[in-house]
Amino acid sequence: MDFSSRSIAILIALLVAAVLVTFAWTVPTLPFQQAFLAAGITVAACFLLVYLAFEALIFREINNIYAGLENVKRKEFRRLSNKFLFRPEPLKRMREEILQMAERKQREIDELKRLQTLRREFLADVSHELKTPIFAAQGFLHTVLDGDMDDEFLRQKFLRKAATSLDTLDALVQDLVTISQLEKGVVRMRRQVFDLAELVREIFEQLESRATQRQVKLELLLSNESVGGILVLADRNRIRQVLVNLIDNAIKYGREAGHVTVMLAETTKAVRISVRDDGEGIPKQHQNRIFERFYRIDKSRSRDSGGSGLGLAISKHIVEAHKSTIRVHSEAGQGTSLEFKLAKPRKPTKTTEAPQT
(Lines give C-alpha, C1' and ligand atoms only; values in the text may rest on other atoms or scores of the structure.)
Protein backbone atom coordinates (compact mmCIF):
# COMPACT_ATOMS: atom_id res chain seq x y z
CA MET A 1 0.00 0.00 0.00
CA ASP A 2 1.16 3.55 -0.77
CA PHE A 3 0.84 5.45 2.53
CA SER A 4 1.43 9.16 2.68
CA SER A 5 3.36 10.84 5.47
CA ARG A 6 0.08 12.00 7.05
CA SER A 7 -1.36 8.47 7.05
CA ILE A 8 1.71 6.98 8.68
CA ALA A 9 1.90 9.78 11.24
CA ILE A 10 -1.74 9.28 12.21
CA LEU A 11 -1.25 5.53 12.41
CA ILE A 12 1.80 5.89 14.67
CA ALA A 13 0.00 8.39 16.87
CA LEU A 14 -3.03 6.12 17.29
CA LEU A 15 -0.95 3.04 18.00
CA VAL A 16 1.31 4.76 20.52
CA ALA A 17 -1.71 6.32 22.18
CA ALA A 18 -3.44 2.92 22.39
CA VAL A 19 -0.36 1.28 23.86
CA LEU A 20 0.18 4.03 26.41
CA VAL A 21 -3.49 4.06 27.42
CA THR A 22 -3.43 0.31 27.85
CA PHE A 23 -0.19 0.50 29.79
CA ALA A 24 -1.53 3.28 32.01
CA TRP A 25 -4.72 1.30 32.61
CA THR A 26 -2.91 -1.82 33.71
CA VAL A 27 0.26 -0.49 35.33
CA PRO A 28 -1.04 -0.14 38.93
CA THR A 29 -1.83 -3.87 39.09
CA LEU A 30 1.27 -5.04 37.22
CA PRO A 31 4.41 -6.16 38.94
CA PHE A 32 7.74 -4.65 37.93
CA GLN A 33 8.73 -7.35 35.47
CA GLN A 34 5.46 -7.20 33.59
CA ALA A 35 5.58 -3.39 33.46
CA PHE A 36 9.11 -3.56 32.09
CA LEU A 37 7.92 -6.05 29.48
CA ALA A 38 5.03 -3.76 28.42
CA ALA A 39 7.43 -0.82 28.06
CA GLY A 40 9.69 -2.94 25.88
CA ILE A 41 6.77 -3.94 23.69
CA THR A 42 5.83 -0.27 23.31
CA VAL A 43 9.36 0.70 22.30
CA ALA A 44 9.55 -2.20 19.83
CA ALA A 45 6.23 -1.26 18.26
CA CYS A 46 7.23 2.40 17.90
CA PHE A 47 10.63 1.39 16.47
CA LEU A 48 8.99 -0.90 13.95
CA LEU A 49 6.53 1.74 12.79
CA VAL A 50 9.16 4.49 12.53
CA TYR A 51 11.46 2.13 10.62
CA LEU A 52 8.65 1.27 8.21
CA ALA A 53 7.92 4.98 7.83
CA PHE A 54 11.52 5.65 6.84
CA GLU A 55 11.46 2.72 4.45
CA ALA A 56 8.16 3.80 2.89
CA LEU A 57 8.90 7.51 2.58
CA ILE A 58 12.59 8.38 2.62
CA PHE A 59 14.26 5.41 0.96
CA ARG A 60 11.48 4.98 -1.58
CA GLU A 61 11.62 8.66 -2.55
CA ILE A 62 15.42 8.61 -2.80
CA ASN A 63 15.15 5.68 -5.18
CA ASN A 64 12.59 7.66 -7.18
CA ILE A 65 15.02 10.59 -7.33
CA TYR A 66 17.75 8.37 -8.74
CA ALA A 67 15.30 6.91 -11.24
CA GLY A 68 14.25 10.42 -12.27
CA LEU A 69 17.86 11.47 -12.77
CA GLU A 70 18.35 8.48 -15.03
CA ASN A 71 15.42 9.69 -17.10
CA VAL A 72 16.99 13.15 -17.26
CA LYS A 73 20.21 11.64 -18.56
CA ARG A 74 18.21 9.99 -21.31
CA LYS A 75 16.28 13.26 -21.88
CA GLU A 76 12.97 11.53 -21.19
CA PHE A 77 11.36 14.53 -19.52
CA ARG A 78 7.82 13.44 -20.31
CA ARG A 79 8.06 10.73 -17.67
CA LEU A 80 8.72 13.40 -15.06
CA SER A 81 5.57 15.41 -15.62
CA ASN A 82 3.46 13.86 -12.79
CA LYS A 83 3.14 17.05 -10.76
CA PHE A 84 0.38 18.29 -8.51
CA LEU A 85 -0.59 21.77 -7.45
CA PHE A 86 0.05 20.98 -3.79
CA ARG A 87 2.23 18.31 -2.26
CA PRO A 88 2.80 18.29 1.46
CA GLU A 89 5.56 15.64 1.31
CA PRO A 90 8.94 17.45 1.55
CA LEU A 91 10.87 14.62 -0.09
CA LYS A 92 8.61 14.64 -3.13
CA ARG A 93 8.98 18.41 -3.40
CA MET A 94 12.74 18.01 -3.16
CA ARG A 95 12.63 15.37 -5.89
CA GLU A 96 10.66 17.66 -8.19
CA GLU A 97 13.01 20.57 -7.57
CA ILE A 98 16.04 18.41 -8.32
CA LEU A 99 14.47 17.16 -11.53
CA GLN A 100 13.51 20.67 -12.59
CA MET A 101 17.03 21.86 -11.94
CA ALA A 102 18.43 18.92 -13.92
CA GLU A 103 16.09 19.74 -16.80
CA ARG A 104 17.23 23.39 -16.81
CA LYS A 105 20.86 22.31 -16.76
CA GLN A 106 20.23 19.98 -19.67
CA ARG A 107 18.70 22.84 -21.66
CA GLU A 108 21.73 24.99 -20.84
CA ILE A 109 24.04 22.22 -22.03
CA ASP A 110 22.08 21.90 -25.26
CA GLU A 111 22.27 25.68 -25.78
CA LEU A 112 26.04 25.65 -25.16
CA LYS A 113 26.41 22.88 -27.71
CA ARG A 114 24.41 24.93 -30.21
CA LEU A 115 26.58 28.00 -29.57
CA GLN A 116 29.70 25.91 -29.93
CA THR A 117 28.46 24.72 -33.33
CA LEU A 118 27.78 28.32 -34.36
CA ARG A 119 31.28 29.33 -33.19
CA ARG A 120 32.87 26.60 -35.28
CA GLU A 121 30.83 27.70 -38.30
CA PHE A 122 31.82 31.31 -37.73
CA LEU A 123 35.53 30.47 -37.47
CA ALA A 124 35.34 28.39 -40.64
CA ASP A 125 33.48 31.17 -42.50
CA VAL A 126 35.75 33.99 -41.37
CA SER A 127 38.83 31.91 -42.23
CA HIS A 128 37.47 31.35 -45.73
CA GLU A 129 36.50 35.01 -46.19
CA LEU A 130 39.94 36.22 -45.09
CA LYS A 131 41.80 33.56 -47.05
CA THR A 132 40.20 34.41 -50.40
CA PRO A 133 41.51 38.01 -50.80
CA ILE A 134 44.82 37.17 -49.13
CA PHE A 135 45.58 34.33 -51.55
CA ALA A 136 44.46 36.43 -54.51
CA ALA A 137 46.71 39.36 -53.59
CA GLN A 138 49.55 36.97 -52.76
CA GLY A 139 49.30 35.29 -56.17
CA PHE A 140 49.27 38.56 -58.10
CA LEU A 141 52.20 40.03 -56.16
CA HIS A 142 54.37 36.92 -56.42
CA THR A 143 53.74 36.79 -60.15
CA VAL A 144 54.98 40.35 -60.49
CA LEU A 145 57.95 39.81 -58.16
CA ASP A 146 59.06 36.68 -60.01
CA GLY A 147 59.65 38.85 -63.05
CA ASP A 148 57.83 36.58 -65.48
CA MET A 149 56.06 39.50 -67.11
CA ASP A 150 57.97 42.00 -69.22
CA ASP A 151 54.87 43.86 -70.27
CA GLU A 152 54.42 46.97 -68.11
CA PHE A 153 50.69 47.00 -68.80
CA LEU A 154 50.27 43.47 -67.43
CA ARG A 155 52.33 44.30 -64.37
CA GLN A 156 50.15 47.30 -63.65
CA LYS A 157 47.05 45.20 -64.21
CA PHE A 158 48.21 42.54 -61.72
CA LEU A 159 49.20 45.18 -59.18
CA ARG A 160 45.75 46.77 -59.47
CA LYS A 161 44.14 43.36 -58.92
CA ALA A 162 46.33 42.81 -55.87
CA ALA A 163 45.38 46.25 -54.55
CA THR A 164 41.69 45.47 -55.13
CA SER A 165 42.03 42.21 -53.18
CA LEU A 166 43.73 44.05 -50.31
CA ASP A 167 41.02 46.71 -50.35
CA THR A 168 38.43 43.93 -50.09
CA LEU A 169 40.36 42.45 -47.17
CA ASP A 170 40.52 45.85 -45.48
CA ALA A 171 36.77 46.38 -45.93
CA LEU A 172 36.10 42.93 -44.48
CA VAL A 173 38.27 43.61 -41.44
CA GLN A 174 36.63 47.01 -40.96
CA ASP A 175 33.19 45.35 -41.07
CA LEU A 176 34.30 42.82 -38.45
CA VAL A 177 35.59 45.64 -36.23
CA THR A 178 32.34 47.56 -36.72
CA ILE A 179 30.09 44.66 -35.84
CA SER A 180 32.25 43.84 -32.81
CA GLN A 181 31.96 47.42 -31.57
CA LEU A 182 28.21 47.45 -32.20
CA GLU A 183 27.76 44.25 -30.20
CA LYS A 184 29.76 45.70 -27.31
CA GLY A 185 27.85 48.98 -27.42
CA VAL A 186 31.02 50.98 -28.01
CA VAL A 187 29.64 52.79 -31.07
CA ARG A 188 27.24 55.55 -30.08
CA MET A 189 24.49 56.68 -32.40
CA ARG A 190 24.75 60.39 -33.24
CA ARG A 191 21.09 61.20 -33.58
CA GLN A 192 19.99 64.17 -35.64
CA VAL A 193 16.85 65.26 -37.46
CA PHE A 194 16.98 64.66 -41.22
CA ASP A 195 14.73 64.00 -44.17
CA LEU A 196 14.54 60.24 -44.73
CA ALA A 197 12.99 60.55 -48.19
CA GLU A 198 15.88 62.72 -49.35
CA LEU A 199 18.35 60.12 -48.02
CA VAL A 200 16.61 57.35 -49.95
CA ARG A 201 16.78 59.38 -53.17
CA GLU A 202 20.53 59.89 -52.64
CA ILE A 203 20.98 56.13 -52.21
CA PHE A 204 18.97 55.50 -55.40
CA GLU A 205 21.42 57.71 -57.28
CA GLN A 206 24.36 55.86 -55.73
CA LEU A 207 22.99 52.42 -56.69
CA GLU A 208 21.54 53.45 -60.05
CA SER A 209 24.33 51.80 -62.07
CA ARG A 210 23.86 48.44 -60.31
CA ALA A 211 20.13 48.61 -60.80
CA THR A 212 20.63 49.45 -64.50
CA GLN A 213 22.84 46.39 -64.99
CA ARG A 214 19.97 44.14 -63.87
CA GLN A 215 17.29 46.39 -65.40
CA VAL A 216 15.73 46.88 -61.98
CA LYS A 217 13.46 49.85 -61.39
CA LEU A 218 13.91 51.66 -58.08
CA GLU A 219 10.75 53.18 -56.67
CA LEU A 220 10.08 55.32 -53.59
CA LEU A 221 6.56 55.39 -52.13
CA LEU A 222 5.57 57.94 -49.49
CA SER A 223 2.50 57.67 -47.34
CA ASN A 224 2.44 61.43 -46.88
CA GLU A 225 3.66 63.83 -49.56
CA SER A 226 4.34 66.61 -47.09
CA VAL A 227 6.29 69.71 -48.00
CA GLY A 228 8.70 69.29 -45.10
CA GLY A 229 9.61 65.74 -46.12
CA ILE A 230 9.58 62.76 -43.77
CA LEU A 231 11.67 63.70 -40.77
CA VAL A 232 13.22 61.17 -38.41
CA LEU A 233 15.53 61.36 -35.41
CA ALA A 234 18.43 58.97 -36.01
CA ASP A 235 22.09 58.63 -36.94
CA ARG A 236 22.04 59.62 -40.62
CA ASN A 237 25.30 57.90 -41.61
CA ARG A 238 24.37 54.65 -39.89
CA ILE A 239 20.85 54.58 -41.33
CA ARG A 240 22.39 55.30 -44.72
CA GLN A 241 24.56 52.20 -44.22
CA VAL A 242 21.49 50.13 -43.35
CA LEU A 243 19.48 51.31 -46.35
CA VAL A 244 22.39 50.79 -48.75
CA ASN A 245 22.72 47.19 -47.53
CA LEU A 246 18.99 46.48 -47.77
CA ILE A 247 18.46 48.11 -51.18
CA ASP A 248 21.65 46.59 -52.60
CA ASN A 249 20.52 43.12 -51.47
CA ALA A 250 17.09 43.74 -52.99
CA ILE A 251 18.74 44.59 -56.32
CA LYS A 252 20.97 41.48 -56.16
CA TYR A 253 18.34 38.96 -55.17
CA GLY A 254 15.32 40.50 -56.85
CA ARG A 255 14.06 39.51 -60.26
CA GLU A 256 15.85 40.85 -63.33
CA ALA A 257 13.87 43.64 -64.97
CA GLY A 258 11.86 43.78 -61.76
CA HIS A 259 11.06 46.37 -59.09
CA VAL A 260 12.65 47.35 -55.80
CA THR A 261 10.29 49.44 -53.71
CA VAL A 262 11.12 51.52 -50.66
CA MET A 263 8.03 52.64 -48.78
CA LEU A 264 8.05 55.22 -45.98
CA ALA A 265 4.88 55.21 -43.88
CA GLU A 266 4.40 57.75 -41.10
CA THR A 267 2.63 56.88 -37.86
CA THR A 268 2.04 59.02 -34.79
CA LYS A 269 5.47 58.55 -33.23
CA ALA A 270 7.53 56.71 -35.84
CA VAL A 271 8.22 56.12 -39.51
CA ARG A 272 8.02 52.58 -40.87
CA ILE A 273 10.61 51.82 -43.56
CA SER A 274 9.99 48.89 -45.89
CA VAL A 275 12.39 47.63 -48.58
CA ARG A 276 10.73 45.12 -50.89
CA ASP A 277 11.90 43.12 -53.88
CA ASP A 278 10.06 40.76 -56.22
CA GLY A 279 12.55 37.90 -56.15
CA GLU A 280 12.22 34.24 -55.24
CA GLY A 281 11.77 34.93 -51.54
CA ILE A 282 13.52 33.48 -48.49
CA PRO A 283 12.56 30.00 -47.24
CA LYS A 284 11.23 29.96 -43.69
CA GLN A 285 14.09 27.84 -42.36
CA HIS A 286 16.53 30.61 -43.33
CA GLN A 287 14.57 33.67 -42.22
CA ASN A 288 15.81 33.56 -38.62
CA ARG A 289 19.46 33.17 -39.68
CA ILE A 290 19.94 35.75 -42.45
CA PHE A 291 21.17 38.29 -39.89
CA GLU A 292 23.98 36.03 -38.69
CA ARG A 293 27.53 36.91 -39.68
CA PHE A 294 28.72 35.29 -42.93
CA TYR A 295 25.45 33.42 -43.35
CA ARG A 296 24.42 32.75 -46.95
CA ILE A 297 21.25 31.07 -48.10
CA ASP A 298 22.96 29.90 -51.27
CA LYS A 299 26.34 28.50 -50.19
CA SER A 300 27.51 28.30 -53.80
CA ARG A 301 27.48 32.07 -54.30
CA SER A 302 30.83 33.80 -54.51
CA ARG A 303 31.83 36.92 -52.67
CA ASP A 304 31.19 39.05 -55.73
CA SER A 305 27.63 37.83 -56.22
CA GLY A 306 26.62 37.19 -52.64
CA GLY A 307 28.83 39.42 -50.54
CA SER A 308 30.52 38.44 -47.30
CA GLY A 309 27.30 38.17 -45.32
CA LEU A 310 28.15 40.96 -42.87
CA GLY A 311 25.83 43.62 -44.28
CA LEU A 312 22.61 42.34 -42.71
CA ALA A 313 24.37 41.54 -39.42
CA ILE A 314 25.65 45.13 -39.18
CA SER A 315 22.24 46.49 -40.21
CA LYS A 316 20.54 44.45 -37.48
CA HIS A 317 22.79 45.89 -34.76
CA ILE A 318 22.43 49.46 -36.05
CA VAL A 319 18.63 49.20 -36.08
CA GLU A 320 18.62 47.65 -32.60
CA ALA A 321 20.80 50.53 -31.39
CA HIS A 322 17.93 52.79 -32.53
CA LYS A 323 15.53 50.79 -30.29
CA SER A 324 13.93 49.00 -33.23
CA THR A 325 13.94 45.59 -34.92
CA ILE A 326 14.25 44.44 -38.53
CA ARG A 327 11.38 42.14 -39.45
CA VAL A 328 11.36 39.76 -42.40
CA HIS A 329 8.24 39.10 -44.47
CA SER A 330 8.84 36.63 -47.26
CA GLU A 331 7.06 33.87 -49.15
CA ALA A 332 8.33 31.61 -51.89
CA GLY A 333 7.88 33.23 -55.29
CA GLN A 334 6.45 36.46 -53.86
CA GLY A 335 9.57 38.40 -52.94
CA THR A 336 10.95 39.64 -49.66
CA SER A 337 10.18 42.66 -47.51
CA LEU A 338 12.45 43.92 -44.72
CA GLU A 339 10.92 46.46 -42.35
CA PHE A 340 12.00 48.55 -39.38
CA LYS A 341 10.94 51.74 -37.65
CA LEU A 342 12.65 55.01 -36.76
CA ALA A 343 11.48 57.56 -34.24
CA LYS A 344 10.09 60.89 -35.37
CA PRO A 345 11.45 64.09 -33.80
CA ARG A 346 9.43 65.62 -31.02
CA LYS A 347 7.45 68.62 -32.08
CA PRO A 348 8.09 71.76 -30.00
CA THR A 349 5.16 72.88 -27.88
CA LYS A 350 3.30 76.03 -28.78
CA THR A 351 4.31 77.81 -25.60
CA THR A 352 8.04 77.52 -26.23
CA GLU A 353 9.76 79.07 -29.22
CA ALA A 354 12.83 77.54 -30.77
CA PRO A 355 15.90 79.78 -30.61
CA GLN A 356 16.99 81.38 -33.85
CA THR A 357 20.24 80.05 -35.34
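Counting starts from 1 at the beginning of each chain's written sequence and moves along it residue by residue. Two thresholds apply to this predicted model, a pLDDT of at least 70 for residue-level local features and 80 or more for giving and counting side-chain atom pairs, whereas whole-chain, interface and lining totals are computed over all residues. As a rule here, side-chain values cover all heavy atoms of the structure and leave hydrogens and water aside.

Caption draft 1: Looking closely at the overall build of the protein. Secondary structure elements are taken from DSSP: a helix is a run of H or I of four residues or more, a strand is a run of E of two residues or more, and numbering for both begins at the N terminus. Counting its regular elements, the protein contains ten helices and seven strands. Among the 357 residues that make up the protein, the fraction classed as buried is 32%. In what follows, a contact means two residues having at least one pair of non-hydrogen atoms within 4.5 Å. The contacts in the protein between residues at least 6 apart in sequence include a share of 72% that link residues at least 24 apart. Working note: accessible area of the protein is about 23,800 Å², and carbon and sulfur atoms make up 57% of it. When a residue's accessible area, from a 1.4 Å probe over protein chains only, is under 20% of the maximum for its type it is buried; when over 50% it is exposed; and in between it is partly exposed. Only the protein chains shown count as covering a residue, and every accessible area follows the Shrake-Rupley method with a 1.4 Å probe.

Caption draft 2: How the structure looks around the environment of Leu-246. By the secondary structure assignment, Leu-246 is in helix 7 (residues 236–253). Linking Leu-246 and Glu-339, residues 93 residues apart in sequence, is a C-alpha distance of 9.7 Å. Discounting residues that sit within four places of it in the chain, Leu-246 has contacts with Val-275, Leu-312, Leu-338 and Phe-340.

Caption draft 3: Representation of the packing of helix 4 (residues 152–184) against helix 10 (residues 311–321). Note on method: axes are straight lines fitted to C-alpha atoms, helices fitted across the in-contact stretch only, with angles between N-to-C directions ranging 0 to 180 degrees. Running from N to C, helix 4 and helix 10 point in directions that differ by 30 degrees, and their axes come no closer than 10 Å. With respect to helix 10, the axis of helix 4 lies roughly parallel. Pair helix 4 / helix 10 crosses with left-handed handedness. Of helix 10, the residues touching helix 4 (which contributes Asp-175, Thr-178, Ile-179, Leu-182 and Glu-183) are Ala-313, Ile-314, His-317 and Ile-318. Residue composition of the contact of helix 4 with helix 10, grouped by class: five nonpolar, two polar and two charged. Oblique is the label for any angle not under 35 degrees, not over 145, and not in the 65 to 115 range, which are roughly parallel, roughly antiparallel and roughly perpendicular in turn. Here is the rule for handedness: rotate from the far helix to the near one, and if that takes an anticlockwise turn smaller than a right angle the crossing is left-handed, while a clockwise turn gives right-handed. Gly falls in the polar group here, along with every residue not listed as nonpolar (Ala, Val, Leu, Ile, Met, Phe, Trp, Tyr, Cys, Pro) or charged (Asp, Glu, Lys, Arg).

Caption draft 4: Main features of the sheet that holds strand 7 (residues 336–343). DSSP bridges decide pairing: two strands pair if at least two such bridges lie between them. Spatially, the five strands line up as an open sheet ordered 2-4-5-7-6, and their pairing is mixed. Only two strands of the sheet have a single neighbouring strand rather than two, namely strand 2 (217–222) and strand 6 (327–330). Averaged over all neighbouring strand pairs, the angle between strand axes comes to 20 degrees, with direction disregarded. Here strand 2 pairs with strand 4 (residues 259–266) via six bridges, running parallel. Within strand 4, the position partnered with Glu-219 by the bridge is Thr-261. Sheet strands touched by helix 5 (residues 196–206): strand 2, strand 4 and strand 5 (270–277). Its angle to strand 2, the strand with the most contacts, is close to 175 degrees.

Caption draft 5: How the structure looks around the pattern of salt bridges. When a carboxyl oxygen of Asp or Glu lies within 4 Å of a side-chain nitrogen of Lys or Arg, that pair is called a salt bridge. What the rule picks out here adds up to twelve salt bridges. Across the pair Asp-248 and Lys-252 runs a salt bridge whose closest N-O atoms are separated by 3.5 Å. Of the two residues, Asp-248 and Lys-252 both sit in helix 7, four residues apart, roughly one turn of that helix. Residue Lys-252 is classed as partly exposed on the basis of its relative accessible area, which comes to 26%. Between Arg-272 and Glu-339 there is a salt bridge, and its shortest N-O distance comes to 4.0 Å. One end of the pair, Arg-272, is in strand 5; the other, Glu-339, is in strand 7, with 67 residues separating them in the sequence. Connected via shared salt-bridge partners are Glu-202, Arg-236 and Arg-240.

Caption draft 6: Seen up close, the packing of helix 7 against helix 10. Following both chains from N to C, one finds helix 7 and helix 10 inclined at 140 degrees, their axes separated by 9 Å at the closest point. Considering the angle they form, helix 7 stands oblique to helix 10. Relative to helix 10, the crossing made by helix 7 is left-handed. Counted together, Arg-238, Gln-241, Val-242, Asn-245, Leu-246 and Asn-249 of helix 7 and Gly-311, Leu-312, Ile-314, Ser-315, Ile-318 and Val-319 of helix 10 form the full contact between these two elements. For the contact of helix 7 with helix 10, the class distribution of residues is six nonpolar, five polar and one charged.

Caption draft 7: A look at helix 7. Expected span of a helix, by definition, is 1.5 Å for each gap between consecutive residues, and there is one gap fewer than residues. With 18 residues, helix 7 extends 26 Å from end C-alpha to end C-alpha; this agrees with the ideal 26 Å at 1.5 Å per step. Polar contacts, as counted here, are pairs of nitrogen or oxygen atoms within 3.5 Å of one another; within protein the pair requires one atom able to donate a hydrogen and one able to accept it, and residues that are adjacent in sequence qualify only if both atoms are side-chain atoms. The N-cap of helix 7, judged by a side-chain oxygen 3.2 Å from the amide nitrogen of Asn-237 a few residues on, is Asp-235.

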